[in-house]
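Secondary and tertiary structure notes
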Amino acid sequence: MADKHTRKIKNKMPYKKTKTRDKKTAKVLSASRQKRIKMLEQGLLNSEEMNKKLLIASSDAIVTISSGGIIIHASEHAADMFSVDDVEELFGRRIYDFTAASDKQKLLEGIKRCFVEGYVRGMEITFMGNSGRDVDSNVNCVKLATASASPDAAMLAIRDISARKRMEKHLIESETLYRKLVDTSPDAVVVTGTDTKIIY
């Protein structure tokens with residue numbers, strides 16, 4: 001009886017074919033790797049066409065520079081930002097030529113750090129276009145992997161934050177004006193929050 005009972009319990013227990021499953025998984029992974037390698041060989045994952053489309057789709061100005069700060073490639077948005085008619089007018093010029101005098105040193109140090117550390121984020125730099133318009137920008141910089149024989153290069157993603165800066169300035173000016181009006185008012189002025197706590 002004990003043997004039959006033991007047999008029944010054994011039959012109810014799930015039977016795992018671990019080795020078989022592992023072999024199937026390995027085959028699937030192997031097929032997936034082979035497919036990816038084939039795609040890489042065909043150049044589908046790193047095509048020039050894809051890179052061009054990414055540059056067009058990006059709302060930021062994208063600029064590729066040499067270690068000396070020479071512009072070697074740029075997106076159409078960069079041409080708009082720097083107020084040039086044709087993006088090719090930027091090629092061969094130094095990125096510092098478009099940088100406000102007060103921020104040239106900051107950008108130079110940031111790019112140097114990028115070539116050492118691999119990337120730098122959140123630099124606030126003011127650029128100047130050919131039209132003389134100042135463009136407050138947020139700049140991210142990443143070092144590009146190149147062949148050992150090639151010179152170092154870095155890509156800058158430059159976002160125009162002029163509108164945000166104007167709003168911040170307007171808010172500060174409004175707050176300053178508000179405080180002056182309150183401080184010079186002959187009446188007693190009390191500002192409370194929604195919970196009736198005095199905040200000013």
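Before reading further, recall that the structure is shown in the block above.
Residues numbered from 1 in each chain as written. Predicted model: local features only at pLDDT ≥ 70, side-chain atom pairs only at ≥ 80, totals over all residues. Heavy atoms only, no water.

This next bit is on the nonpolar core. Counting 29 residues, the largest nonpolar core has Val63, Phe82, Leu90, Ile95, Phe127 and Ile158 as its most contacted members. For this core, the secondary-structure elements that each account for two or more residues are strand 1 (61-66), strand 2 (71-74), helix 4 (76-81), helix 5 (104-117), strand 3 (119-128), strand 4 (134-144) and strand 5 (153-160). Discounting chain neighbours no more than four positions away, the residues touching Phe127 are Phe82, Ile95, Phe98, Thr99, Ala100, Leu107, Arg133, Asp134, Val135, Ser137, Val139 and Ile158. (Core = buried A, V, L, I, M, F, W, Y, C linked by side-chain atoms within 4.5 Å. Buried < 20%, exposed > 50% of the residue type's maximum accessible area, 1.4 Å probe, protein only. Helix = DSSP H or I, 4+ residues; strand = E, 2+ residues; numbered from the N terminus. Contact = heavy atoms within 4.5 Å.)

For the rest of this paragraph, the subject is the pattern of salt bridges. One pass over the full model with this rule turns up four salt bridges. For Lys106, the salt bridge is made with Asp103, and the minimal N-O distance between the two is 3.9 Å. (Salt bridge = Lys/Arg side-chain N within 4 Å of Asp/Glu carboxyl O.)

Next up on the list: a negative patch on the surface. A cluster of acidic residues, Glu76, Asp80, Asp85, Asp86, Glu88 and Glu89, forms a negative patch at the surface. Considering the arrangement of structural elements, one finds Asp85 in the loop between helix 4 and helix 5. (Patch = residues over 30% accessible without salt bridge, like charges linked within 9 Å, V, L, I, M, F, W, Y side chains within 5 Å. Areas by Shrake-Rupley, 256 points an atom, 1.4 Å probe, with all protein chains shown as cover. Lys, Arg positive; Asp, Glu negative; His and termini not counted. Charge placed at Lys NZ, Arg CZ, Asp CG, Glu CD.)

Evaluation of the coordinates by the stated rule reveals two aromatic pairs. Ring plane angle 25 degrees and centroid distance 4.7 Å describe the contact between Phe82 and Phe98, whose orientation is recorded as stacked. Of this pair, Phe82 sits in the loop between helix 4 and helix 5 while Phe98 is found in the loop between helix 4 and helix 5, placing the two residues 16 residues apart along the sequence. One aromatic cluster is present, formed by Phe82, Phe98 and Phe127 through successive ring pairs. (Phe/Tyr/Trp six-rings, centres within 6.5 Å; stacked < 30°, edge-to-face > 60°.)

A few words on the environment of Leu156. Mapped onto the elements, Leu156 comes out in strand 5. For the pair formed by Leu156 and Tyr119, sequence separation is 37 residues and the distance between their alpha carbons is 9.7 Å. Setting aside its immediate chain neighbours within four residues, Leu156 contacts Ala61, Ile62, Val63, Ile65, Ile95, Val139, Asn140 and Cys141.

What follows covers the sheet that holds strand 3. Overall, antiparallel pairing links the five strands, which are arranged 2-1-5-4-3 in an open sheet. Where the open sheet ends on each side, the last strands, each with one partner, are strand 2 and strand 3. Neighbour to neighbour, the strand axes of the sheet diverge by 30 degrees on average, direction disregarded. Relative to strand 4, strand 3 is paired through eight bridges, and the arrangement is antiparallel. (Pairing = 2+ DSSP bridges. Axes fitted to C-alpha atoms, helices over the stretch in contact; angles between N-to-C directions.)

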